[in-house]
Amino acid sequence: MIKLLVNEKSIEVSNDFNILQLLHQIKSPQDGIAVAVNNTIISKNSWATKMFHENDTVLIIQATQGG
């Protein structure tokens, strides 16, 4: 198990966890969001292959409509 900080909340995941698995675990939508790992935006086509490392900081940003 490794520890991640996801939107300022500490969670533990298995060693071979990727972004898509994380989104599923935290019940986050996959559309209309951006994901950054250690302050680097990860493109959506890399979510299935980007694996986490101990103490990674993950920021999930939900797009909103406004005016």
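Predicted model, so just to flag it, every value in this text is computed and none were measured.

**Q** Where do I start with the side chain of Asn18 in this structure?
**A** As for its position among the elements, Asn18 is in the loop between strand E2 (9-13) and helix H1 (19-25). Here Asn18 falls in the buried class, since its relative accessible area comes to 10%. Within the structure, Asn18 has its side chain in polar contact with the backbone oxygen of Ala48 (distance 2.9 Å). Leaving out residues up to four positions away in the same chain, Asn18 has contacts with Trp47, Ala48, Lys50, Met51 and Phe52.

**Q** Just to check I follow, could you spell out the sheet that holds strand E5 (residues 56-62) for this structure?
**A** Consider a sheet: its strands pair through backbone hydrogen bonds, and that pairing is either parallel or antiparallel. The strand order across the open sheet built from 5 strands is E2-E1-E5-E3-E4, with neighbouring strands paired in mixed fashion. On the outer flanks of this sheet lie E2 and strand E4 (40-42), each paired with one strand and no other. Strand-to-strand twist across the sheet, computed as the mean angle between neighbouring axes with direction ignored, equals 35 degrees. Sheet topology note: the strand E1 (residues 2-6)/E5 ladder contains 3 bridges and is parallel. Bridge pairing in E5 places Val6 opposite Val58.

**Q** Before we go on, may I ask you to explain the side chain of Ser28 in this structure?
**A** As for its position among the elements, Ser28 is in the loop between H1 and strand E3 (33-37). Judged by relative accessible area, which is 18%, Ser28 ranks as buried. Beyond its immediate sequence surroundings of up to four residues, Ser28 is in contact with Leu23, Ile33 and Ile60.

**Q** Would you explain the nonpolar core in this entry?
**A** Most often, soluble globular proteins have nonpolar side chains that are buried together. Counting residues in hydrophobic clusters, the biggest one holds 17 residues, and the most contacted among them are Ile19, Phe52 and Val58. In contact with Phe52, not counting residues within four places along its chain, are Ile2, Leu4, Asn15, Phe17, Asn18, Ile19, Leu22, Val37 and Val58.

Procedures and definitions
Residues numbered from 1 in each chain as written. Predicted model: local features only at pLDDT ≥ 70, side-chain atom pairs only at ≥ 80, totals over all residues. Heavy atoms only, no water. Helix = DSSP H or I, 4+ residues; strand = E, 2+ residues; numbered from the N terminus. Buried < 20%, exposed > 50% of the residue type's maximum accessible area, 1.4 Å probe, protein only. Polar contact = N/O pair within 3.5 Å; in protein donor to acceptor, adjacent residues only side chain to side chain. Contact = heavy atoms within 4.5 Å. Pairing = 2+ DSSP bridges. Axes fitted to C-alpha atoms, helices over the stretch in contact; angles between N-to-C directions. Core = buried A, V, L, I, M, F, W, Y, C linked by side-chain atoms within 4.5 Å.

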